[in-house]
Structure formats: structure tokens, C-alpha cells
Amino acid sequence: MPLVNSRGLFERAARGGYAIGGFNVNNMEILQGIVEAADEKRSPIILQVSAGARRYARQEYLVHLVQAAVESSSIPIVLHLDHGEDFEICQACIDGGFSSVMIDGSRLPFEENLAMTRRVVEYAHPRGVTVEAELGRLAGIEDDVSVASRDATFTDPDEAAEFVERSGCDSLAVAIGTSHGAYKFKGEPRLDFERLERIAAKLPPDYPLVLHGASSVLEDLVEICNRYGAEIPGARGVPEDMIAQARRLGVRKVNIDTDLRLAFTGAVRRVFAEKPGDFDPRKYLGPAREAVKGVVLRKLDVLGSLGQAD
Ligand code: G3H
Ligand code: 13P
Ligand code: ZN
């Protein structure tokens, strides 16, 4: 099956009430772990490449690795740019074979974000490429944060409706209390689901919403890392039941990177600790690939996308 853009996947996900995993790819083992899991469970997936991944592995290598995954699997796969910060990086990815891009102007004033997003949409759509945009700033809900400052940071439902209509973007990343990385909440995890409902209600029916910073920072993964010498104290993510709740309220793409990193790192650390005589990279990258596969299997279940590739 050739690479697809996200449009048809989101339409089907809305009909089926599930979400698609947006998994970050940085090297071959991560890619293989994700795709093996998704292929085995017949789940459509979005493979996403950040600017950092492009710098690390080079765009051409990642595109060709993903192409190999497309040829050797039979599930719908989207190749997506994660957090493109300007028009130029989106253009380079579209020209380089991506089927979807994110233009992230969330740091900019509303009208500037809108204008940049519109420009990317005008370049992407005639080329069959879908566009994700972002409105609002990702930040955790802390107990001492006032409603006023939450309003200033999180996605405003009326602005979201205007932004989608005027920009023509195909999906929108919203800020409702998640943040990137392994330290998402100081106290109890909380998301502004009431706001998510209001956003969905203002948008066209079944409009696809995206949740960034959605790793659960699974305790068992952190524990393995720490047991074998890592120092990741007090890490906390989005509980799995909150991910399920988000998808019930219209989230169709759930971004996961940190959980893959934790799984990968824990597996490598374990081999280093238990088999100090091993120095063949395949001896630790192989278990790391298996660990990525294991965590993706778990994610696909939470997202409800098992069996949805057929
Ligand atoms: O958005 C954050 C993703 O985890 C990508 O992270 O920019 O370090 O590749 P990165
Ligand atoms: P996590 O750091 O929660 O995995 O979020 C990843 C992400 O949003 C990538 O865009
Ligand atoms: Zn993100």
C-alpha cells in the first residue's frame, strides 16, 4: 500500500471513534518496532519526523527507511513532519516525499500563525499533502495557575473555529494541559476536557483534533530505566484513561515520543548492565526494537485502532 495522507484515515477514525498514533521516528530500530506492531495488529499509523530527527538522521535516510516500511507492510502509513516551524521546512518535506506536514505557528500571534498556516496549506493541498496546525501553548495545568492565565495559554474554542475556517488546515493540535517530555504534571494529572468539548462543538462535525504531549510515561518503563542506572525521578505522563477520554471527545491523532524513548533506553541499559561483555550493537539495538514494539502494541489498544487497517 503506498504512503497515504491523513485525510481518509481521520474520516475513518471519526466514524469508528478511535484515534491514530503519531509515533516519532529517529532511526531504523524505532521505525521497525512501530511498524511491526502496527502491521501485526492491523492498525493504521502516522510516522512523524521532527526537525531534530531530520538533523540527526537526515531526511533522505528517514524517507527511504519509511519507504521500505511501506513496501514491507500492508497497513496505511502516513509520513508526517512534526512541529515544522516555518514554511521552508514544510516545503522541503513536501518536496522530499512526506504525505503530511505540521506547521507549528503556535508561538506566533493569531494572525501570523494563520497566515503562515494558510501559505503551507496552499502549497500542500495541490500536491496531495495534508496539513496539521497548532493553536494554543502546550503547558501543564498546575494547581496555582489561575483561570485567566489558563485562558491565555490554552486553545480558545472561538479562535479555533475561526482559525480552521480561514486557514483550511486539515487537523488542529490543541492545548488542553498536556506538555512534551517526561515531566508533565507536578501534582495530579489534569486535562481541560471541558475545553476540549467546547472546541469540538465549535468546529465542523468530526473535525480531527490532535493531542501532542500524550505519552503516559509508563511507570514500568521508567522503573526499568531507573533500575539500570538512569536518573528520571518524578516523571509523570497522561494516564491511559485520559487518552481514551480524549478520543471519545474528538481527538483523532495522539502523539507519542517520550514513551518510545523510555522503552528504547530501558532495554539498552538493561543489556549494558546485565551483559557487560556484549559490544555488538545488534545485541542491544535488537532488544530496544522489541521494547518499542511492545509499547506500541499497548498504545494501539488504548487508541482503539486495532484491526482498523482493513
Ligand atoms: O515534539 C517533540 C517530539 O518529542 C520531538 O522531539 O524535537 O527532540 O525530536 P525532538
Ligand atoms: P510526548 O513527549 O508526550 O511523547 O509527546 C510527543 C509529541 O507531542 C511529538 O510531537
Ligand atoms: Zn508535539
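Below you will find a few notes about this structure.

Rules behind the numbers
Residues numbered from 1 in each chain as written. Chains lettered and ligands numbered in written order. Predicted model: local features only at pLDDT ≥ 70, side-chain atom pairs only at ≥ 80, totals over all residues. Heavy atoms only, no water. Near = heavy atom within 4 Å. Polar contact = N/O pair within 3.5 Å; in protein donor to acceptor, adjacent residues only side chain to side chain. Areas by Shrake-Rupley, 256 points an atom, 1.4 Å probe, with all protein chains shown as cover. Phe/Tyr/Trp six-rings, centres within 6.5 Å; stacked < 30°, edge-to-face > 60°. Helix = DSSP H or I, 4+ residues; strand = E, 2+ residues; numbered from the N terminus. Buried < 20%, exposed > 50% of the residue type's maximum accessible area, 1.4 Å probe, protein only. Lys NZ or Arg CZ within 6 Å of the ring centre and 35° of its normal. 1 Å grid on protein atoms, 1.4 Å probe; cavity = no way out; pocket = protein on both sides within 12 Å on 5 of 7 lines; lining within 4 Å. Sits in = over half its atoms within 2 Å of the grid points. Nonpolar A, V, L, I, M, F, W, Y, C, P; charged D, E, K, R; others polar. Points joined across faces, edges and corners; volume = space filled by probe spheres on them. Donors = N, O, S within 2.8 Å, 3.2 Å for Na, K, Ca; no water. Arc of directions from axis to C-beta. Pairing = 2+ DSSP bridges. Axes fitted to C-alpha atoms, helices over the stretch in contact; angles between N-to-C directions. Contact = heavy atoms within 4.5 Å. Expected span 1.5 Å × (residues − 1). Disulfide = S-S within 2.5 Å.

Brief notes about the site of ligand 1
Next, step 1: Near ligand 1, the surroundings consist of Asn24, Ser50, Asp82, His83, His180, Asp257 and Arg261.
Next, step 2: In the environment of ligand 1, an oxygen atom lies 3.3 Å from a nitrogen or oxygen atom belonging to the side chain of His83.
Next, step 3: The separation between an oxygen atom of ligand 1 and a polar side-chain atom of Asp257 is 2.6 Å.
Next, step 4: Summarising the interface, the protein chains cover 67% of the accessible area of ligand 1, which totals 300 Å² for the free molecule.

Here's the deal with the packing of aromatic side chains
Next, step 1: Applying the stated rule across the entire model yields three aromatic pairs.
Next, step 2: Measuring from centroid to centroid gives 4.8 Å for Phe272 and Tyr284, while their planes differ by 70°, and the two rings are edge-to-face. Of this pair, Phe272 sits in helix H12 (residues 258-274) while Tyr284 sits in helix H13 (residues 281-303), and the two are twelve residues apart along the sequence.
Next, step 3: A relative accessible area of 19% means that Tyr284 is categorised as buried.
Next, step 4: The positively charged end of Arg119 is found above the aromatic ring belonging to Phe87, 3.8 Å away from the centroid.
Next, step 5: Arg127 extends its terminal NZ or CZ atom over the ring of Tyr123, reaching a point 3.6 Å from the ring centre.

Focus: the side chain of Asp192
Next, step 1: Counting through the fold element by element, Asp192 comes out in the loop between strand S6 (171-174) and helix H9 (193-202).
Next, step 2: One polar contact links Asp192 to Arg195, side chain to side chain, over a distance of 2.9 Å.

Some points on the site of ligand 2
Next, step 1: Residues in contact with ligand 2 amount to 15 residues; listed here are only the nearest, Asp82, Lys184, Ser215, Asp257 and Thr258.
Next, step 2: Contact between ligand 2 and Gly213: an oxygen atom at 2.8 Å from a main-chain N or O atom of the residue.
Next, step 3: Here ligand 2 loses 96% of its free accessible area of 310 Å² to cover by the protein chains.
Next, step 4: Put simply, ligand 2 lies in the largest pocket.
Next, step 5: Within the residue set of the shell around ligand 2, elements represented by two or more residues are strand S3 (77-84) and strand S8 (251-256).
Next, step 6: Taken together, the residues of the shell around ligand 2 break down into two nonpolar, ten polar and three charged.

Notes on the layout of surface pockets
Next, step 1: When its volume is computed, the largest pocket comes out at roughly 320 Å³.
Next, step 2: For the largest pocket, the lining is made up of 20 residues, of which Asn24, Asp82, His180, Asp257 and Arg261 are closest to its centre.
Next, step 3: Those elements that place two or more of their residues in the lining of the largest pocket are strand S2 (45-50), S3, S8 and H12.
Next, step 4: Counted by class, the lining of the largest pocket contains four nonpolar, twelve polar and four charged residues.

What about the coordination of the zinc ion (ligand 3)?
Next, step 1: The zinc ion (ligand 3) binds to the protein through His83 (NE2), His180 (NE2) and His212 (ND1); the donor distances cover 2.1 Å.
Next, step 2: The motif formed by the donor residues of the zinc ion (ligand 3), counted along the single chain, is H-x96-H-x31-H. Taken together, the residues His83 in strand S3 and His180 in the loop between S6 and H9 connect sequence positions 97 residues apart.
Next, step 3: Residue class for His180 comes out partly exposed when judged on its relative accessible area of 47%.

Brief notes about H9
Next, step 1: Regarding H9, the residues found buried are Phe193, Arg195, Leu196 and Ile199. Along the axis of H9, the buried residues cluster in a sector spanning 155°; they form a single face.

What to know about the sheet that holds strand S4 (residues 100-103)
Next, step 1: On the basis of which strands lie adjacent, the closed barrel formed by eight strands has the order S1-S2-S3-S4-S5-S6-S7-S8 and parallel pairing. This sheet shows a mean twist of 25° between the axes of neighbouring strands, independent of strand direction.
Next, step 2: With six bridges joining them, S2 and S3 adopt parallel strand pairing. Bridging from a neighbouring strand, Ser50 pairs with Asp82 of S3.
Next, step 3: Contacting strand S1 (20-24), S2, S3, S4, strand S5 (130-135), S6 and S8, helix H1 (residues 6-16) crosses the sheet at an angle of about 115° to S8.
Next, step 4: Its contacts with the sheet place helix H11 (residues 240-248) against strand S7 (209-211) and S8, and it is angled at close to 145° to S8.

Some words on helix H2 (residues 28-41)
Next, step 1: The end-to-end C-alpha distance of H2 is 20 Å, a good match for the 20 Å that 14 residues give at a rise of 1.5 Å each.
Next, step 2: On its buried face, H2 sits against S1, S2, helix H4 (59-71), S3, H12 and H13.
Next, step 3: Between the side-chain oxygen of the N-cap and the backbone nitrogen of Glu29 there are 3.2 Å, and the N-cap of H2 in question is Asn27.
Next, step 4: Directly beyond the C-terminal end of H2, a positive phi value near 55° is found at Arg42.

Some points on the state of the cysteines
Next, step 1: Applying the stated criterion across every chain yields a total of zero disulfides.
Next, step 2: Lacking any disulfide linkage, Cys90 is separated from the closest cysteine sulfur, that of Cys93, by 7.0 Å.
Next, step 3: We note that Cys169 lacks a disulfide partner, and the nearest cysteine sulfur, in Cys90, lies 12 Å from it.

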